Amino acid sequence: LGMTYTRYRIHTQNHPSLARMVVRAGFEGFSIAYKTGYWQGTEEASAVIEIISETSDTVDAHIRGLAEDIAYCFNQEEVWVEVEPTTLWKVKGAQ
């Protein structure tokens, strides 16, 4: 019925260049949810980047590289990455 994929969620501080950075990393599709987060008691604009992809060591490394680039470019102490298997149903719409 569905195919097994991996869902990656990168939790980071929001930055105006964030979407461009993900596009340049070469992912075909992704979403970004903009939120208010707290770090060490201080409110900050945050974002969660969600990428769903076929499971592979190559994609894992690519995601890790993107998270490291985000942490470095935006001068962050940490960027968290959630990794979880997920089943995806592709439902076709109008042609």
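Residues numbered from 1 in each chain as written. Predicted model: local features only at pLDDT ≥ 70, side-chain atom pairs only at ≥ 80, totals over all residues. Heavy atoms only, no water.

**Focus: the environment of Gln13**
Here Gln13 is to be found in strand β1 (residues 3-13). Spatially, the C-alpha atoms of Gln13 and Phe74 are 8.0 Å apart, while their sequence positions differ by 61 residues. Not counting the four nearest positions on each side in its chain, Gln13 is found in contact with Leu18, Glu44, Ala45, Ser46, Ala47 and Gln76. (Helix = DSSP H or I, 4+ residues; strand = E, 2+ residues; numbered from the N terminus. Contact = heavy atoms within 4.5 Å.)

**Comments concerning the sheet that holds strand β2 (residues 31-39)**
One open sheet holds the four strands; their spatial order is β2-β3-β1-β4, and the pairing between them is antiparallel. Edge strands, defined here as strands with exactly one partner in the open sheet, are β2 and β4 (80-88). Along the sheet, successive strands turn relative to each other by an average axial angle of 25°, direction set aside. Where β1 lies against strand β3 (residues 42-53), eight bridges are found, and the strand directions are antiparallel. The residue of β3 that forms the bridge with Thr12 is Ala47. The sheet contacts of helix α2 (residues 57-73) involve β1, β3 and β4, and relative to β1 the element is tilted by about 10°. (Pairing = 2+ DSSP bridges. Axes fitted to C-alpha atoms, helices over the stretch in contact; angles between N-to-C directions.)

**What to know about the layout of surface pockets**
Put simply, the largest pocket is a space of about 420 Å³. Those elements that provide at least two residues to the lining of the largest pocket are β1, β2 and β3. Sort the elements by how many residues they give to the lining of the largest pocket and β2 lands first, with five residues. A class-by-class count of the residues in the lining of the largest pocket yields six nonpolar, eight polar and four charged. The calculated volume of the second largest pocket comes to roughly 240 Å³. Along its surface, the second largest pocket is lined by Tyr5, Gly26, Phe27, Glu28, Gly29, Ile51, Ile52, Ser53, Glu54, Val59, Leu88 and Lys90. In terms of residues, the lining of the second largest pocket owes the most to one element, β3, which gives three residues. (1 Å grid on protein atoms, 1.4 Å probe; cavity = no way out; pocket = protein on both sides within 12 Å on 5 of 7 lines; lining within 4 Å. Points joined across faces, edges and corners; volume = space filled by probe spheres on them. Nonpolar A, V, L, I, M, F, W, Y, C, P; charged D, E, K, R; others polar.)

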